[in-house]
Amino acid sequence: LIRPPAGSRLGGGGVFRNALDDANITTVTIASGASNASVLYKDTVAGSPTITAASGILTSATQTETVNAASASKLVLSGTATQTAGTANNLTVTAKDSFGNTATSYTGDRTLTFSGANAAANPATNPTVANKVGTAVPLGTATTITFASGVASVSSGNNGVMTLYQAETATISVTDQTISTTGSDRLTVAVAAAAASKLAFSGASSSPAGLNSSSIT
């Protein structure tokens, strides 16, 4: 009898496979006269599971496996879901493999492009994300962000501080031109208007003398 790690499940997580790798198994037979039999172990969850083999009165055997994440297949963006126009939102970008593990091999400087928010109109002000040295880079422009073991997070106001200026609901995406955020892996942010800072006129700025009144707001 061979046992996967506690909590694993056939079809996802840890499974044993026969030597031909064409079927899941839970038992293996050691042939008469032989001292061993071969099985394959597969897992979709990165970590260090312990597998066990047990048979009747024999002492059980255990072995710890090391399961590494596969290469990155998508990016996941997280941050605060609400912010006030002109204030900072600290972003975290995580590279994930196709099984949902953090892709720890995705590391070092990466060129990312963020998108999904509009510029404020008056005065025209572009939304930005701070690059690895803290320079505010407009959305839609290549931005250098540093990853460590699959994760990029803000440090001392650098490396992913996002500032939005237009009051709106923005859905922020990021791509490195090979892998991207999609669906729920994007970040939706409700941007509220900041406190009033000025007055402005709107309406006609001129009219014929003595004929009509100008409507001004």
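Here's a quick rundown of the structure. Quantities reported herein were computed from a predicted structural model and do not represent experimental measurements.

1. Some points on the nonpolar core
Next up, step 1: In this structure, Leu75, Val93, Tyr106, Leu112, Phe114 and Ile172 are the most contacted members of the largest nonpolar core, which totals 25 residues.
Next up, step 2: Secondary structure elements with two or more residues in this core: β7 (74–78), β10 (92–96), β11 (108–115), β16 (142–147), β19 (168–175) and β20 (187–192).

2. Remarks on the packing of aromatic side chains
Next up, step 1: Across all of its chains, the model carries 2 aromatic pairs by this definition.
Next up, step 2: Just above the ring of Tyr106 sits the side chain of Arg110; from NZ or CZ to the centre is 3.9 Å.

3. Observations concerning the pairing of β19
Next up, step 1: Burial of β19 is extensive: 6 of the 8 residues sit out of reach of the surface.
Next up, step 2: For β11 and β19, the ladder comprises 3 bridges, and the chain directions are antiparallel. Along β19, the bridge assignment pairs Phe114 with Val174.

4. Let's talk about the pattern of salt bridges
Next up, step 1: For the structure shown, the criterion picks out 4 salt bridges.
Next up, step 2: A salt bridge links Asp21 to Arg17; the shortest N-O distance between them is 3.0 Å.
Next up, step 3: Accessibility expressed as a relative area gives 17% for Arg17, which makes it buried.
Next up, step 4: Residue Lys132 is joined to Asp109 by a salt bridge in which the shortest nitrogen-to-oxygen separation is 2.6 Å. Note that Lys132 is positioned in the loop between β14 (128–130) and β15 (136–138) and Asp109 in strand β11, a separation of 23 residues in sequence.
Next up, step 5: Here Asp109 falls in the partly exposed class, since its relative accessible area comes to 43%.
Next up, step 6: Beyond isolated ion pairs, a larger network of salt bridges with shared partners links Arg17, Asp21 and Lys42.

Rules behind the numbers
Residues numbered from 1 in each chain as written. Predicted model: local features only at pLDDT ≥ 70, side-chain atom pairs only at ≥ 80, totals over all residues. Heavy atoms only, no water. Core = buried A, V, L, I, M, F, W, Y, C linked by side-chain atoms within 4.5 Å. Buried < 20%, exposed > 50% of the residue type's maximum accessible area, 1.4 Å probe, protein only. Helix = DSSP H or I, 4+ residues; strand = E, 2+ residues; numbered from the N terminus. Phe/Tyr/Trp six-rings, centres within 6.5 Å; stacked < 30°, edge-to-face > 60°. Lys NZ or Arg CZ within 6 Å of the ring centre and 35° of its normal. Pairing = 2+ DSSP bridges. Salt bridge = Lys/Arg side-chain N within 4 Å of Asp/Glu carboxyl O.

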